[in-house]
Amino acid sequence: MNQDDLKKSVAQAAVDYILPKLENDTLLGIGTGSTANFFIDLLGEHKAKFDGAVASSEASAERLRKLGIPVYELNAVDQLAFYIDGADESNAGLQLIKGGGAALTREKIVTACAGEFICIADESKWVEILGAFPLPVEVIPMARSLVARELVKLGGDPVHRAGCITDNGGEILDVHGLQIQDPVGLESAINQIPGVITNGLFALRSADVLLLATDSGVKTLYPAR
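Residues numbered from 1 in each chain as written. Predicted model: local features only at pLDDT ≥ 70, side-chain atom pairs only at ≥ 80, totals over all residues. Heavy atoms only, no water.

1. So, helix α1 (residues 3-18)
Compared with an ideal rise of 1.5 Å per residue, which puts 16 residues at 22 Å, α1 spans 23 Å between its outermost C-alpha atoms and is within 8% of the ideal. Among all positions in α1, only Leu 6, Lys 7, Val 10, Ala 11, Ala 13, Ala 14, Val 15, Tyr 17 and Ile 18 are buried. Packing partners of the buried residues in α1 comprise β1 (27-30), α2 (34-43), β3 (80-85), β6 (114-122), β12 (209-214) and β13 (217-221). With a side-chain oxygen positioned 3.1 Å from the backbone nitrogen of Asp 4, the residue opening α1 is Asn 2. (Helix = DSSP H or I, 4+ residues; strand = E, 2+ residues; numbered from the N terminus. Expected span 1.5 Å × (residues − 1). Buried < 20%, exposed > 50% of the residue type's maximum accessible area, 1.4 Å probe, protein only. Contact = heavy atoms within 4.5 Å. Polar contact = N/O pair within 3.5 Å; in protein donor to acceptor, adjacent residues only side chain to side chain.)

This is the structure in structure tokens:
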């Protein structure tokens, strides 16, 4: 199986996972990226079985609307039953690095409103220690250099993602060279730097379940304790 085949298989597994739990008033949180796109496309076949969705990016919102799925603003809803999204890396604790698609802030906000966070990924995203994938940090543009200097002090090598402006008007620093032994501590430390909007570590709120596509099928994994 190639990577797209793996992404399609895990997207289908996510649909199968939530389908028995959907009700007419169910609201879903939907993520951003190639794996999430496969999930959105499959979800369109079942749009009559739930109320609608909140999207973590304008791109995902537009894709949902094209399929006839109602898209709500997060301020208009109280609770999302599920948040379904991909990841750039996951460890055994289902702590993640996200943000390769520059939607990390909205992804983190929507995740915070979800009863269950379902991460969907292929086996290339599974790691023992987070950090081989550069950690995205979204910053207020005027603070980019300040934040970069502070990230160097934390052991990283920040690189400005040129030409990338987020849906929030922020810019992205991709932090290379990290071996993240304490994801919770590093997530908190980076978020304390003035000018940081948020960073792509999802450790304070990790995934509740990981559907991981492999050549031998989709595995359902829960956080190792």
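After presenting the structure, the write-up continues.
2. Side note on the sheet that holds β1
Pairing is mixed across the open sheet formed by six strands, whose spatial order is β2-β1-β3-β6-β12-β13. The open sheet terminates on both sides in strands that have one partner only, identified here as β2 (52-55) and β13. With direction set aside, neighbouring strand axes in the sheet form an average angle of 20°. In the packing of α1 onto the sheet, contacts are made with β1, β3, β6, β12 and β13, and the angle to β12 comes to roughly 145°. (Pairing = 2+ DSSP bridges. Axes fitted to C-alpha atoms, helices over the stretch in contact; angles between N-to-C directions.)

3. Here we look at the sheet that holds strand β10 (residues 196-199)
Strand order across the open sheet formed by four strands is β8-β9-β7-β10, with antiparallel pairing between neighbours. Across the chains shown, the open sheet's two edge strands, defined by having one partner strand only, are β8 (157-160) and β10. Adjacent strand axes in the sheet meet at a mean angle of 30°, parallel and antiparallel pairs treated alike. Relative to β10, strand β7 (residues 135-139) runs antiparallel, the two sharing three bridges. Of the residues in β10, the one forming a bridge with Glu 138 is Thr 198. Relative to the sheet, helix α4 (residues 104-112) contacts β7, β9 (171-176) and β10, its axis offset from that of β10 by approximately 70°. Those strands touched by helix α5 (residues 144-153) are β7, β8, β9 and β10, and its axis lies near 15° from that of β9.

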